[in-house]
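Examining the three-dimensional arrangement
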Amino acid sequence: MKNKIDEMLSVYGLRDENSILPMLDDFSEEEIRAYCWQVLRSYPELKKEDWIIGIEGGDYIYSFDGNHVFITDDIWSFNLIARQPVLVMLAEKIKTFK
């Protein structure tokens, strides 16, 4: 599974990018999960590009406005990885919810 995730990150240019979590340290993980999905779904052209589905959740590459994000969303954790400008944009939108 790790090889497939590494491959996904490489193909979409996200291998060396960072997580949104440190930018939202005053939010709980559940809030981050809910608000990230709410913000992402506000983009009408949001498209699932690639994914790995497991029993407990999955790993996904989504695209919108020419940007790509990698999302891990399972019963134990949530994470979003993207290029820094995308992280800043998404974090700013998420912070409007609090």
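Rules behind the numbers
- Residues numbered from 1 in each chain as written.
- Predicted model: local features only at pLDDT ≥ 70, side-chain atom pairs only at ≥ 80, totals over all residues.
- Heavy atoms only, no water.
- Helix = DSSP H or I, 4+ residues; strand = E, 2+ residues; numbered from the N terminus.
- Rg over C-alpha atoms; globule rule 2.2 N^0.38 Å.
- Contact = heavy atoms within 4.5 Å.
- Areas by Shrake-Rupley, 256 points an atom, 1.4 Å probe, with all protein chains shown as cover.
- Lys, Arg positive; Asp, Glu negative; His and termini not counted.
- Charge placed at Lys NZ, Arg CZ, Asp CG, Glu CD.
- Buried < 20%, exposed > 50% of the residue type's maximum accessible area, 1.4 Å probe, protein only.
- Pairing = 2+ DSSP bridges.
- Axes fitted to C-alpha atoms, helices over the stretch in contact; angles between N-to-C directions.
- Parallel < 35°, antiparallel > 145°, perpendicular 65-115°, else oblique.
- Nonpolar A, V, L, I, M, F, W, Y, C, P; charged D, E, K, R; others polar.
- Expected span 1.5 Å × (residues − 1).
- Arc of directions from axis to C-beta.

**Let's talk about the overall build of the protein**
In terms of helices and strands, the protein carries 3 helices and 5 strands. In terms of overall size, the protein behaves like a compact globule, its C-alpha atoms giving a radius of gyration of 13 Å where 98 residues would be expected to give roughly 13 Å. Projected onto its principal axes, the C-alpha positions of the protein cover 35 × 30 × 25 Å. Expressed as a percentage of contacts within the protein between residues at least 6 apart in sequence, the contacts between residues at least 24 apart total 55%. Counting only carbon and sulfur atoms, one obtains 52% of the accessible surface of the protein, whose full area is about 5,600 Å². Averaging the coordinates of the 11 positive side-chain charges in the protein and doing the same for the 18 negative ones gives two points 3 Å apart.

**Let's talk about the pairing of strand β3 (residues 57-64)**
With 7 of 8 residues buried, β3 is to be regarded as a mostly interior element. Both strand β2 (residues 47-53) and β3 contribute to a ladder of 6 bridges, which runs antiparallel. If you follow tryptophan 51 over to β3, its bridge partner there is tyrosine 60. Connecting β2 to the antiparallel partner β3 that follows it, the hairpin turn spans 3 residues. Alignment of β3 against strand β4 (residues 67-74), held across 8 bridges, turns out to be antiparallel. Pairing of glycine 57 across the sheet is with aspartate 74, part of β4. Remark: 2 residues form the turn of the hairpin made by β3 and β4, two consecutive strands paired antiparallel; aspartate 65 in that turn has positive phi of roughly 45°.

**Digging into the packing of helix α2 (residues 29-40) against helix α3 (residues 84-95)**
In the contact formed by α2 and α3, the axes pass within 10 Å of each other and the chain directions differ by 110°. Put simply, α2 runs roughly perpendicular to α3. Contact residues: Tyr35, Cys36, Val39 and Leu40 in α2; Leu90, Lys93 and Ile94 in α3. Of the residues in the contact of α2 with α3, the class split is 6 nonpolar, no polar and 1 charged.

**Looking at α3**
For α3, spanning 12 residues, the distance from its first C-alpha to its last is 16 Å, which sits close to the expected 16 Å at 1.5 Å a residue. Of all the residues in α3, the buried ones are Val86, Leu87, Leu90, Ala91 and Ile94. Taken around the axis of α3, the buried residues stretch over an arc of 125°, which confines them to a single face. Among the exposed residues of α3, those oriented more than 90 degrees off its buried face are Pro85 and Glu92. Residues of α3 that are buried make contact with β1 (18-19), α2, β3, β4 and β5 (78-82).

These values are about where atoms sit, not about what they do.
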